[in-house]
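As a plain string of letters, each chain reads:
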Amino acid sequence: AKKSKGNQYSIYQLKMKGLNDKGLMFESKLFQAIKEDRLEIYYQPKIDIRTNEMVGMEALLRWKDPELGFIPPDQFIPFAEDCGLISEIGEWVLKNASLQINRWKQLYNVNLKVAINISPIHFQEANFINRLQSIITETKVDPTNLEIEITEMSMMDYNKQLIEKMKSIKELGITIAVDDFGTGYSSLGYLKEFPVDALKIDRSFIVNMQDGKSGIALVAAIITLAHALNLAVVAEGVESELELEILKEHNCEYVQGYLFSKPLTASDFSKKLEEIAG
Ligand code: C2E
Ligand code: CA
Ligand code: CA
Ligand code: CA
């Protein structure tokens, strides 16, 4: 631990105290929200741009507190990681998204894959596979209807155990996608060692395509790299026809983004499925 001196120390303590007070309030509220099922999963369609068909969706968590209002996941997920609630949240999402995909399968006779974001902290837990297995047993979900999204961060600490864990997931029948690809950098050389199925290109790269040649070249290079490793490519945050055209031209397979749809509540997503079913 760091030793602090004189008033430096007391300022630090004061800061910690301030943070803790707010943190504790936040923590108990988040804990309550989990217990009382007041978190909600939104679903964003994923489209195969070769056929224009929806092939699945990404589960995106929302938290609306009666007093604090809407708290975006970019804020409460890092907090949940710090205070130790993230695994509970991850399991809640896995379970509820599994039940939802079962319902949709029954109601609309569709075979879609739901992608679930798993925090590196949750993923690194020793019993992750066991818990995943119990959720599959409990919900009776077909594991081939599930995809797990992990960020490059989860893959930074390259080791045998990590590879084994990923293999176990694949053996269950679940696919793995690397989220926010391009924003981390340490695992690029190891990418071919990981049993992953898809790369999701971070939205920042898609946005940068507007800047012209170099932005486009970068995205094209990522797609080429992915295909050389036999991975599918998902472009995130596609908002314009122009972006879509460039991605098509460079043989990107899948897209998500406001151009097709924002994340939807389960009931709005059902309406969409009804339309498709005709
Ligand atoms: P992410 O996994 O990279 O998710 C993509 C984010 O981009 C989502 O933000 C989505 O709503 C947004 N998005 C999708 N299409 C577009 C578009 O065309 N334009 C723009 N500007 N944005 C678009 P969201 O839902 O706010 O989630 C933010 C982040 O929070 C996620 O980034 C993910 O890292 C995290 N997160 C969300 N749900 C969960 C969860 O259940 N578990 C964990 N561990 N993390 C989650
Ligand atoms: Ca994601
Ligand atoms: Ca992402
Ligand atoms: Ca992101």
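Along each chain, the written sequence defines residue order, and numbers are assigned to residues from 1. Key to labels: chains lettered from A, ligands numbered from 1, both in the order written. In keeping with the predicted nature of the model, local features appear solely for residues at pLDDT of at least 70, side-chain atom pairs appear and are counted solely at 80 or more, and the whole-chain, interface and lining totals rest on all residues. The basis for every side-chain value is the complete set of non-hydrogen atoms in the structure, without hydrogens or water.

A look at the coordination of the calcium ion (ligand 2)
No. 1: The donor set comprises N, O and S atoms within 2.8 Å of the metal, extended to 3.2 Å for Na, K and Ca; water molecules are omitted, so apparent gaps in a site may simply reflect that omission. Here the calcium ion (ligand 2) is held by the protein donor atoms Glu58 (OE), Asn117 (OD1), Glu149 (OE) and Asp179 (OD), which lie 2.2 to 2.3 Å from it.
No. 2: All donors of the calcium ion (ligand 2) belong to a single chain; written as a sequence motif, their spacing is E-x58-N-x31-E-x29-D.
No. 3: Taken as a pair, the calcium ion (ligand 2) and the calcium ion (ligand 3) show a spacing of 3.8 Å, with Asp179 coordinating each metal. With Glu58 in strand β2 (residues 53-65) and Asp179 in strand β6 (residues 175-181), this residue pair connects regions lying 121 residues apart in the sequence.
No. 4: Classification of residues uses two cut-offs on accessible area relative to the type maximum, computed with a 1.4 Å probe and protein chains only: under 20% is buried, over 50% is exposed, and between them is partly exposed. Residue class for Glu58 comes out buried when judged on its relative accessible area of 5%. The helix count covers DSSP runs of H or I at least four residues long, the strand count covers runs of E at least two residues long, and both are numbered beginning at the N terminus.

So, the pattern of salt bridges
No. 1: Salt bridges are counted wherever a side-chain nitrogen of Lys or Arg sits within 4 Å of a carboxyl oxygen of Asp or Glu. The full count for this structure, using the stated rule, is 17 salt bridges.
No. 2: Note that Lys200 and Glu58 form a salt bridge whose closest N and O atoms lie 2.9 Å from each other. Of this pair, Lys200 sits in strand β7 (residues 198-201) while Glu58 sits in strand β2, placing them 142 residues apart in sequence. Comparing Lys200 with Glu58, the two get one shared label, buried.
No. 3: Between Lys170 and Asp197 there is a salt bridge whose closest N-O contact spans 2.6 Å. With Lys170 in helix α6 (residues 160-172) and Asp197 in the loop between β6 and β7, this residue pair connects regions lying 27 residues apart in the sequence.
No. 4: On the basis of relative accessibility, which here comes to 29%, the residue Lys170 falls in the partly exposed class.
No. 5: Three or more residues are tied together by salt bridges with common partners; here these are Glu58, Glu149, Lys200 and Glu236.

Focus on helix α3 (residues 86-108)
No. 1: Take the residue count of a helix, subtract one, and multiply by 1.5 Å to get its expected span. Helix length check: α3 (23 residues) gives 32 Å between terminal C-alpha atoms against 33 Å at 1.5 Å per residue, within 8%.
No. 2: The positive-phi residue at the C-terminal boundary of α3 is Asn109, with phi of around 55 degrees.

Some points on the site of ligand 1
No. 1: Here, proximity means that at least one heavy atom of the residue falls within 4 Å of the molecule or strand. Among the 21 residues in the neighbourhood of ligand 1, the closest are listed as Gln44, Arg62, Asp179, Glu239 and Tyr258.
No. 2: In the environment of ligand 1, a nitrogen atom lies 2.5 Å from a nitrogen or oxygen atom belonging to the side chain of Glu239.
No. 3: Between ligand 1 and Tyr258 there is a distance of 2.8 Å, counted from an oxygen atom to a backbone nitrogen or oxygen.
No. 4: Residue-level accessible areas treat just the shown protein chains as cover; the underlying method is Shrake-Rupley with a 1.4 Å probe. Burial of ligand 1 by the surrounding chains reaches 82%, relative to a free accessible area of 800 Å².
No. 5: Secondary-structure elements contributing two or more residues to the shell around ligand 1 are β2, α2 (73-83) and β6.
No. 6: Top contributing element to the shell around ligand 1 by residue count: β2, with 4 residues. Polar contacts, as counted here, are pairs of nitrogen or oxygen atoms within 3.5 Å of one another; within protein the pair requires one atom able to donate a hydrogen and one able to accept it, and residues that are adjacent in sequence qualify only if both atoms are side-chain atoms.

What about the environment of Ser134?
No. 1: Summarising the element assignment, Ser134 is placed in helix α5 (residues 128-139).
No. 2: Sequence separation between Ser134 and Lys95 is 39 residues, and the spatial gap between their C-alpha atoms is 9.7 Å.
No. 3: A polar side-chain atom of Ser134 sits 2.7 Å from the main-chain carbonyl oxygen of Asn130.

Describing the packing of aromatic side chains
No. 1: Only rings of Phe, Tyr and Trp enter the pairing, Trp through its six-membered ring, and a pair is recorded when the two centres are within 6.5 Å. The plane angle decides the type: under 30 degrees is stacked, over 60 is edge-to-face, the rest tilted. A full pass over the atoms with the stated rule returns 7 aromatic pairs.
No. 2: Judged by centre distance (5.0 Å) and plane angle (80 degrees), the ring pair of Tyr43 and Trp104 falls under edge-to-face. Within this pair, whereas Tyr43 is found in strand β1 (residues 39-48), its partner Trp104 is found in helix α3, the two being separated by 61 residues in sequence. The exposure classification of Tyr43 matches that of Trp104, with both residues buried.
No. 3: For the pair Trp63 and Phe76, a centre-to-centre distance of 5.6 Å together with 85 degrees between the ring planes defines the contact as edge-to-face.

A closer look at α2
No. 1: If you check which residues of α2 are buried, you get Phe76, Phe79 and Ala80. Take α2 and look down its axis: the buried residues cluster within an arc of 105 degrees, on one side only. Away from its buried face, by an angle of more than 90 degrees, α2 presents the exposed residues Asp74 and Asp82.
No. 2: Downstream of α2 by one or two residues, Gly84 has phi in the positive range, about 90 degrees. This arc corresponds to the set of directions leading from the helix axis out to the C-beta atoms.

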